[in-house]
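# Working through the structure, step by step
These are the residues of each chain, in order.
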Amino acid sequence: MSTSASRIGQRFQQRLDAGRKLLIPYITAGDPKPEITVNLMHGMVKAGADIIELGVPFSDPMAEGPVIQKAMERALHYATSLSDVLDMVAEFRKTDNETPIVVMGYLNPIEVMGYSEFAAKAAKAGVDGVLTVDIPPEEADDYISSLKNKGLDPVFLVAPTTNTERMAQISRAGGGFVYYVSVKGVTGAGHLNTDEVSDKVEQIKAVSKLPVGVGFGINDAASAKRVASVSDAVVVGSAIVRRIEENATNSDKINSEVCKFIQELRAAID
Amino acid sequence: MSTDSAKYNLPDEKGHFGQYGGKFVAETLMVPLDELQQAYDKYMQDPDFIKELDFELQQYVGRPSPLYFAEGWTNHVGGAKIYLKREDLNHTGAHKVNNTVGQALLAKRMGKKRIIAETGAGQHGVASATVAAKLGMECVVYMGAEDIQRQAMNVYRMKLLGAKVVPVTSGSQTLKDALNEAMRDWVTNIDDTFYIIGTVAGPHPYPAMVRDFQAILGRESREQIMQHEGRLPDALVACIGGGSNAIGLFYPFIDDATVKMYGVEAAGDGIETGRHAAALCAGDPGVLHGNRTYLIEDKNGQIIPTHSISAGLDYPGVGPEHAWLKDIGRAEYVSVTDSEALQGFHDLTRIEGILPALESSHAVAYTAKLASTMNKDQIVVMNLSGRGDKDIHTVATHEGIEL
Ligand SMILES: Cc1ncc(COP(=O)(O)O)c(C=O)c1O
């Protein structure tokens, strides 16, 4: 498995050594309002999350389906910025120094902050990995070196359309884990084919030492279980965010509903 | 352009114009974009494809469009001689069709059965729906819900042509959001779908490909002005939404240092009000819709909603090649307010009997300003990118008239 000494690499190693597949829930920071995010992160860890993927709201989230688009709009209603998200991570780190955090978003907020300033601030806040949807390795030399300089893992996506040549390139450029996008489509799309996912994960593993997480089409305990059986980790986003949306006016209920769902996912994949 | 003798030769093989352009997209699109690039390179070398493209541009679009000496308007303005490149006379009424014919023929060669497009003013949507009807392809057009209100006539036109028009209600509900939604459709239906982007935006190879398909209007203008005047013009003027009509005009003149180039952005209510769409005049570099370029964004990197009376200019970005031409000083970018554009709309209509699109009216307004500062033996070529019939309701409403 990964030789990386990063918090992400270590966590994969420990969990997989113990025979446990990793559960990576995604929430959008600041959704439905900024005050609830840090609490919710702690709740998700207690409910069984191994790594947290924290979405940075962006005005033009091209790879998101309607559920996460609306989450970002709710968060942007409170003007939740990249700096705010890093502040939330720092707050979370006050009482949790173990759980790795991957910040997921779009390039422009990072461009505007500046790659090295972002990397320094993110590392200081306690971020472990950065997944930026719209920067492929071809465009990412400066971005990658800025992140790696600060000990941050640049997490890259592999898609159903990615050929093996690119898989190798992506795996060389990246760190932490490889994120396999299990469907052609946006987040929250359906129709995940476990056999196809299994083939692709094998192909990635043939060219990469990094563990492989799978996300985009996993919307319930059953699909999480199937995907976990053929990968190292499952990422669940829209299905969680939908529960936040349904309870947007009741913070306590958000916490309890999301945590209940994560427990179900945990039970299904263990 | 590093030395005077070097010919302009951008983008590089990765789609970069200096620091601008590139391919900033989710991984799912990377291989399909390579395939598009390969198909484009292949067919642009294929005499059979070029013959088909030329034939359709002549027989279906009606090219070449005239380069018309606007004598009455020239006299009215009292300065340089003004020529209008009459893209308004193309089939479907704007320059957009030059590009849609090219991309749709390419889609057909690539075996794609379904085309999608985004549209602001509806001109690109109409042009896409038109070629889809002709080629018997399925066509889906994404359009911001707000633009659907402003451009009701074009929406109905697209439906008559058999296209499905999908209202986009996310974000600011205008062109940028339509582009986001079209991209989402594309990643979902990547196997059978060709995305016809309507301007020189998007990831490589789109900015170069759309430019190349639009450059026919610049090449024609160059030949036509040589016929009329025996020399190159002193200045070129075109409006800038994403920048396709402007780059189409500018591109064949880039190596002619004596020809000044002016791109006219929408200043909306005035740049100082913050309600505008002038990315080059008032924006900063950033990454959106697959490329690095100038954007209208806030200090946190969020894209700010834009404003222009003209839906086709109401876009927070601009083609990356314009960003480069601005930085190296080869082209100059200026802006014109809604009310100045409306004045231009009325002037050209009354003086020349030519109703310009509100987009083109921005170029009209700036051309009048510019030409009046030049002398009588100088020449300005302005791209009249489209006709204004689609805007009559907007103009009437603006002036408190109910039709
Ligand atoms: C007539 C006309 N001119 C100009 C534009 C702006 O686009 P571009 O800057 O790509 O030429 C549009 C866009 O809809 C248009 O319809």
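Attention here is on the structure that accompanies the text. (Residues numbered from 1 in each chain as written. Chains lettered and ligands numbered in written order. Predicted model: local features only at pLDDT ≥ 70, side-chain atom pairs only at ≥ 80, totals over all residues. Heavy atoms only, no water.)

### Let's talk about the overall build of chain B
Per the secondary structure count, chain B includes 15 helices and 14 strands. Scaling as 2.2 N^0.38, a compact globule of 403 residues should have a C-alpha radius of gyration of about 22 Å, and chain B matches this with 19 Å. Along the first, second and third principal axes, the C-alpha atoms of chain B reach 55 × 55 × 45 Å. For chain B, the proportion of its 403 residues judged to be buried stands at 65%. Excluding contacts between residues fewer than 6 apart, the proportion of contacts in chain B whose partners are at least 24 apart in sequence is 74%. On chain B, roughly 14,100 Å² of surface is accessible, and the fraction owed to carbon and sulfur atoms is 49%. Charged side chains of chain B number 37 positive and 51 negative; the gap between the two group centres comes to 3 Å. (Helix = DSSP H or I, 4+ residues; strand = E, 2+ residues; numbered from the N terminus. Rg over C-alpha atoms; globule rule 2.2 N^0.38 Å. Buried < 20%, exposed > 50% of the residue type's maximum accessible area, 1.4 Å probe, protein only. Contact = heavy atoms within 4.5 Å. Areas by Shrake-Rupley, 256 points an atom, 1.4 Å probe, with all protein chains shown as cover. Lys, Arg positive; Asp, Glu negative; His and termini not counted. Charge placed at Lys NZ, Arg CZ, Asp CG, Glu CD.)

### Quick look at the overall build of chain A
Across its full length, chain A holds twelve helices and eight strands. Taken against the 2.2 N^0.38 rule, which gives 18 Å for 270 residues, the C-alpha radius of gyration of chain A at 17 Å falls within 12% of a compact globule. On the principal axes, the C-alpha backbone points of chain A span a range of 45 × 40 × 35 Å. Across the 270 residues that make up chain A, the buried fraction comes to 64%. Taking contacts inside chain A between residues at least 6 apart in sequence as the whole, the part at least 24 apart equals 72%. For chain A, the accessible surface area stands at approximately 9,800 Å², while carbon and sulfur atoms represent 46% of it. Where the 28 positive side-chain charges of chain A centre and where its 35 negative ones centre are 5 Å apart.

### Let's talk about the interface of chain B and chain A
With 37 residues of chain B at the interface, the matching set in chain A holds 35 residues. The contact between chain B and chain A buries some 2,900 Å² in all, and 51% of this surface belongs to carbon and sulfur atoms. Counting the surface chain B buries against chain A, the share from its top three residues, Glu-27, Arg-184 and Gln-302 of chain B, is 23%. Its salt-bridge partner being Asp-191 of chain B, residue Lys-184 of chain A comes within 2.9 Å of it at the nearest N-O pair. In terms of residue count, the dominant contributor to the side of chain B that touches chain A is helix α8 (residues 175-188) of chain B (eight residues). Classifying every residue of the side of chain B that touches chain A by side-chain character gives 13 nonpolar, twelve polar and twelve charged. (Buried area = accessible area lost by both parts, 1.4 Å probe. Salt bridge = Lys/Arg side-chain N within 4 Å of Asp/Glu carboxyl O. Nonpolar A, V, L, I, M, F, W, Y, C, P; charged D, E, K, R; others polar.)

### Observations concerning the nonpolar core
Phe-12, Phe-118, Tyr-143 and Tyr-179 of chain A are the most contacted members of the largest nonpolar core, which totals 101 residues. For this core, the leading source of residues is helix α12 (residues 251-269) of chain A, giving seven residues. Counting residues in hydrophobic clusters, the runner-up holds 58 residues, among them Leu-29, Leu-175, Leu-179 and Tyr-195 of chain B. (Core = buried A, V, L, I, M, F, W, Y, C linked by side-chain atoms within 4.5 Å.)

### With respect to the site of the ligand
All names here are of chain B. The environment of the ligand is formed by 19 residues, the closest being Thr-199, Gly-241, Gly-243, Ser-244 and Ser-385. Within the backbone of Gly-242, one N or O atom sits 3.1 Å away from an oxygen atom of the ligand. Protein contact buries 98% of the 390 Å² of open area that the ligand shows by itself. Residues of the shell around the ligand, tallied by class, amount to six nonpolar, eleven polar and two charged. (Near = heavy atom within 4 Å. Polar contact = N/O pair within 3.5 Å; in protein donor to acceptor, adjacent residues only side chain to side chain.)

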